[in-house]
Amino acid sequence: CIRDRYQRRVHGGMIGCSPMCNLSATDNNMYSISPSACSAGGCVLNSPWATSLLAGTTTVTCKSPYGGTPVLAGVTCPTPGNWLGLAGCTAKCKFTSADNLVYTTDNANCMSTSSVGCTVLVLKDTTLTQLTCTAGTYTGMVSRAGLTCSTTGTTMGTFSGLTGCIPLCYLSAADQAQYVLTGAPECLSNTTRCTEATLKAGTTAMSCRTPTYSGTVIRSGATCAAPGPFTGLTGCTQTCTMSAADFAVYTTTNVACQPGQPGCTVAQLGTMGCGTGYTGTVDKTNIVCAAPGGTFTGITGCVPLCTLTASDKAAYTVSTPECTTTGCSLAQLQASTVTCGPAYNFVPGTPVSVAAAKCTAPGSFSGLSGCVPMCYFSATDAKNTYSSNQACVTTGCTFKELNASTVVCNNGYSWSKAPLSPSFGCSGCVGCATPTNGVMATFSGIGALCAPRCSLSPLDIPKYVVSEPTCTTPSVGCMGITLKAAATFTCNTPVTEGVPSVSTAGCAGPFANFTSIGNCTARCYLSPADGLNLTSSVTACNTYPGCLLTVLKASTLTCNSGYKSVASIPTFSKAVCTVPGTVTGLAGTCLSLTASKHAELLANLATQAAPSAAKVVNAANKPAATASSLSGIHWSVFVGAAALVVIGVVVLRGRAAEASGGISPAVSPRTPQAAPSSRQLRSRTLSINRGSQLPAGGRQRSDV
């Protein structure tokens, strides 16, 4: 016998070869045979001497997911191959997830969640399995006639063909807001629900819920494909009104569409136009009524009309006259030729732009740019400041043009702000006001850029110590801010004293003297010449560095020995101390005794010689008398013999008294003084020697 295909058989004395079979691939999914040789390797159908399918020791069962009892009565193996005629094992299935929601059964093995499954026979047998529609969501009678079970391989299949259950639906809240239903209240409740047929039945009346909806209900498209809300109801359209903002722009012939009215649908808006202050054509393409009882959106087509503002009318000239009179749209303005008006000009590098112009509501345009005022230097500023762009000085230019030019200070002026050259570089330093009636203004702030340079006056220079040398150099000078910022500004000690102050310093013009500089007062002392004649009771006033003038004038003045005051009480009333140094104005305060006598004589003559009073006064008013001019007497000035005699006697007695060191009868006794010093003696000698030089016509005397 051919190995693995035929098995040797011995039966009834007969010897032969029997065919061997095994399970086909399909049967192998359904049946399990033990021993396994009859499933895979092969065995004969029936033999007492070898492994066979029909032997009493062989077991045949159904594999999962198949069920039933295997039937071997009709099995054959005519030729080597697969068993033929195996029967008895039937496929098992379970509900789909969808059917599990629709149908309810008392056989848990048939449910979609089961891992066992059941056969079609079990499910179809009403005595074995009960089937109903899921209560609350479906209704109807279950039909099992078309029930099938499809299984592939060893995977459990799902039942198909179950029918008879119809879903129940209800009107959604949104539909109930649109539709009014009468005659089938169960369709309104999620609890009761109704079928699609009930909703569409003629006994059930439906209408649009007014006033927020309008139209005729269309139920033909309503469906209830699965339990839940009905879908496909149409015919009712939301109604809206125009918003207040839109109603200000657009008009409509349907009053119901206006604000505060019941409302209308988009189709009912009627004929629309642009309102006052607007122009264009209404576009209804994108109009939407998004919420019932709300307002329409998407109305477009009308644009506002605007005019140029008063300031823009001065700055810009527009080729479309309506843009400056009755109004034009933004598109009209942008399509016009726009230029700068009188006294205005383009900003260099930035032409006139209407791209940013806006007209959001009837009124005035905003956002025009490019034209700015032109200005020029005032006459005063032209003296102080220079610009390389001479148009800025004379005919006018924009601020940006001025800022782009080289600006310097004229002679005698310096920058008061920094950094400012070659451009200003300081925000707000210079301004250009708006032209008035087409007439440009002058630049403001130019005068503050260049400050004049001044220097301390000749009287102030000796009084102060300033660390900035230019402030004390008249031909150069410095600005007030430079003076005030000087690192050192003190009184020039010890020749001045006080607390210096420059907070109020002023500079009236280039190369002038600073004014209002104060609080440093000069100290002065008696000059060498005055020191011979007089002495102050304040020792500091007599020598360097001196004392303040107020201290000097408050002190007691005493004429030195050999000198006498021409006044009853000698004072410093005429003393002057304007700069540190020697006191001026004291000449003639204390005269030598000889000069004093002559002064008294002239005074007496003025009173005694009445006819010649004028001549005597004139003589007394001549330049200050010196010892030399008063040492002799010019007798030609006297008139009358008696007067000559009297004068001669007086003079001779006075001279004799002075020569002998005695006291003149005409002079009150004086308190004896200490012996004169050698310096005082020299001073007297010099004074007397000078007195020996007589005027023409005089005569020399030797009184000493």
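Before any of the text, the structure's been laid out above.
Residues numbered from 1 in each chain as written. Predicted model: local features only at pLDDT ≥ 70, side-chain atom pairs only at ≥ 80, totals over all residues. Heavy atoms only, no water.

Observations concerning the pattern of salt bridges
Where we set the bar: Just to be clear on terms, a salt bridge is a Lys or Arg side-chain nitrogen sitting within 4 Å of an Asp or Glu carboxyl oxygen. Strands here mean DSSP runs of E at least two residues long; helices mean DSSP runs of H or I at least four residues long; both are numbered from the N terminus. We call a residue buried when its accessible area falls under 20% of the maximum for its residue type, exposed when it is over 50%, and partly exposed in between, using a 1.4 Å probe and counting protein chains only.
Enumeration according to the criterion identifies 2 salt bridges in this entry. Across the pair K200 and E196 runs a salt bridge whose closest N-O atoms are separated by 3.0 Å. Residue K200 and its partner E196 are both found in helix α5 (residues 196–200); the two are separated by 4 residues, about one turn of the helix. Accessibility expressed as a relative area gives 34% for K200, which makes it partly exposed. A residue is classified by how much of its surface remains accessible, and E196, at 25% relative accessible area, is partly exposed. The residue E497 makes a salt bridge to R523 at a minimum N-O spacing of 2.6 Å. Of this pair, E497 sits in strand β41 (residues 496–501) while R523 sits in strand β42 (residues 518–525), and the two are 26 residues apart along the sequence. Taking relative accessible area as the criterion, R523 reaches 22% and is therefore assigned partly exposed.

Things to note about the state of the cysteines
Under the convention used in this document: Defined by distance alone, a disulfide is two cysteine sulfur atoms within 2.5 Å.
Applying the stated criterion to the full structure yields 25 disulfides. Each disulfide pairs two cysteine sulfurs, and for C375 the partner residue is C432, the sulfurs being separated by 2.1 Å. Because the sign of the S-S torsion sets the handedness, a value of about 95 degrees for the bond joining C375 and C432 places this disulfide among the right-handed ones. One end of the pair, C375, is in strand β31 (residues 371–376); the other, C432, is in strand β36 (residues 431–432), and 57 residues separate them in sequence.

Structural notes on the packing of aromatic side chains
To be explicit about the condition: Only centres within 6.5 Å qualify two rings of Phe, Tyr or Trp (six-membered ring in Trp) as a pair; their planes then separate them into stacked at under 30 degrees, edge-to-face at over 60, and tilted for everything else.
According to the stated counting rule, one finds 4 aromatic pairs in the structure shown. Taking 6.1 Å as the distance between ring centres and 75 degrees as the angle between the ring planes, the aromatic pair formed by F95 and F159 counts as edge-to-face. Highlighted residues: F95 in the loop between β8 (87–94) and α2 (97–102) and F159 in strand β14 (residues 155–160), separated in sequence by 64 residues. With 6.0 Å between their ring centres and 80 degrees between their planes, Y525 and Y544 make a pair best called edge-to-face.

Limitation: the analysis is restricted to geometry and does not speak to function.
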